[in-house]
Amino acid sequence: MTRPLMLASLTLLLAAACGEEKDDTQTPEGDSDADSDADGDTDADSDADADSDADSDADADADSDSDSDSDSDSDSDSDVNLTGHITHNPCSDPATVAIWTVLPEATACDPAVDTGGDDWRDQHVADLPVTAHAFEGSLPVGDYGVIGCSGDCWGCAPFTIAEGVGTDVDLVMDRTGGDWAPYLYLYPERPTAIRVRLFDPGRLLAADPGYPDGGWRVTAHPDGRLATAEGPRQALFYELALDPTAFQYAEGWCASPATAQASIEQAMADLGFLPDEVADFGDFWDPVFPAAAAVTIYPQTESLYALPIEPPPDRMLRALFTIEPGCRKVAPPSFERAERRGYHAAEWGVVLLHGLDQPPEPLTAIGR
């Protein structure tokens with residue numbers, strides 16, 4: 001608008017300077033039309049701006065509402081309803097803890113020490129990261145167990161998630177002691193295909209031959225020879241991390257360093273282990289048997305952890321020897337000698353409680 005007026009004025013001044021005469025009575029029609037059009041354009045622009053502003057405001061409001069709804073949904077979906085703390089752990093904290101649902105009519109964190117019992121776990125639903133001894137997550141309503149495992153420490157805690165309620169759980173971890181070097185021998189009456197499973201492969205520390213998914217599948221011979229996927233063996237060897245609170249500590253005996261290993265070998269013979277099996281124990285433990293001023297030895301022959309064998313032996317001899325530093329007042333055990341006939345199996349092992357030097361990891365099976 002300003003630029004056309006300035007150009008018109010400049011034209012008149014130049015015309016006067018050149019001697020041209022100006023007709024003051026003549027109306028500039030073109031300028032009027034231009035002004036009118038310009039006003040019209042201004043109104044149109046103004047309307048367009050208004051529409052643009054309205055649309056922009058509406059879009060902004062709609063986007064804002066949409067973002068707000070999205071944020072609200074996101075907050076709702078990510079609500080934390082489980083907060084956990086590792087309240088005791090003599091080992092380093094695990095990187096994650098595992099969350100499992102519970103089988104119907106089972107109790108979470110059942111140690112599964114009954115030889116005929118089942119595991120309590122149903123579905124593995126989450127691995128929650130551990131930061132500064134704490135973990136958290138969002139879970140559906142239900143019953144759960146949280147498991148932590150690090151080094152030779154293990155812990156489990158049950159908890160329940162209820163509708164609209166936050167749950168706090170304390171996880172206590174402790175040294176398992178460890179079921180060091182169980183040897184399992186199988187003696188069928190004829191060459192037989194046998195499957196052996198561990199009740200909790202998640203606690204497996206070592207195995208020879210390697211433990212495959214679904215358990216060992218071997219062909220066993222009456223003399224104890226085993227044909228495995230990794231070649232011939234005389235026994236199945238494995239290590240499991242176990243909960244030492246599941247064992248009995250009422251019966252046993254005290255022993256000095258000089259007599260401790262020999263006393264276990266004598267107990268094995270009294271229980272009915274064969275000479276070769278007792279010799280395997282001695283060969284294995286001679287170089288790594290822990291040193292202590294005195295120890296208490298607790299034989300475990302009942303209520304041991306599950307060890308499914310298919311087909312099941314007609315007779316099964318199992319003995320684990322839990323060894324604790326120091327001499328405790330305990331009742332002497334009474335042993336019943338096992339019958340070693342028909343289709344039978346035998347297993348021995350040692351559990352070293354904390355305070356005793358652990359064998360180097362991983363242990364390896366001896367051969368004969």
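Residues numbered from 1 in each chain as written. Predicted model: local features only at pLDDT ≥ 70, side-chain atom pairs only at ≥ 80, totals over all residues. Heavy atoms only, no water.

Notes on the nonpolar core
- Grouped together as the largest cluster of nonpolar side chains are 32 residues, with contacts concentrated most on Ile264, Phe273, Trp285, Ile297, Phe321, Ile323 and Trp348.
- Of all the elements in the fold, those that place two or more residues in this core are β9 (179-187), β16 (253-255), α3 (260-271), α4 (275-285), β17 (295-300), β19 (315-325) and β20 (344-352).
- If one sorts the elements of this core by residue count, α3 sits on top with five residues.
- Not counting the four nearest positions on each side in its chain, Ile264 is found in contact with Trp253, Phe281, Phe289, Ile297, Phe321 and Ile323.
- The next biggest cluster of nonpolar side chains, apart from the first, holds 26 residues, and it includes Tyr211, Val218, Leu304 and Ile309. (Core = buried A, V, L, I, M, F, W, Y, C linked by side-chain atoms within 4.5 Å. Buried < 20%, exposed > 50% of the residue type's maximum accessible area, 1.4 Å probe, protein only. Helix = DSSP H or I, 4+ residues; strand = E, 2+ residues; numbered from the N terminus. Contact = heavy atoms within 4.5 Å.)

Description of the state of the cysteines
- The tally for this structure, following the rule as stated, stands at three disulfides.
- Disulfide partner of Cys109: Cys156, at an S-S distance of 1.9 Å. Negative torsions about the S-S bond denote left-handed disulfides, and the value of about -75 degrees found for Cys109 with Cys156 makes this one left-handed. With Cys109 in the loop between β2 (96-102) and β3 (121-129) and Cys156 in strand β6 (residues 153-161), the pair connects residues that are 47 residues apart, well separated along the chain. In terms of burial, Cys109 and Cys156 fall into one category: buried.
- Along the chain, the cysteines engaged in disulfide bonds are linked according to the scheme 1-3, 2-4, 5-6 when indexed in sequence order.
- In this structure Cys149 is a free cysteine whose sulfur lies 8.7 Å from that of Cys153, the closest cysteine sulfur available. (Disulfide = S-S within 2.5 Å.)

What to know about the packing of aromatic side chains
- Scanning the entire structure with this criterion turns up 15 aromatic pairs.
- Here Tyr144 and Phe159 contribute two aromatic rings whose centre-to-centre distance is 5.4 Å and whose plane-to-plane angle is 15 degrees, an arrangement assigned as stacked. Of the two residues, Tyr144 is situated in strand β5 (residues 142-150) and Phe159 in strand β6; the sequence distance between them amounts to 15 residues. We note that Tyr144, like Phe159, is buried. (Phe/Tyr/Trp six-rings, centres within 6.5 Å; stacked < 30°, edge-to-face > 60°.)

Purely geometric stuff here, so don't read any function into it on its own.
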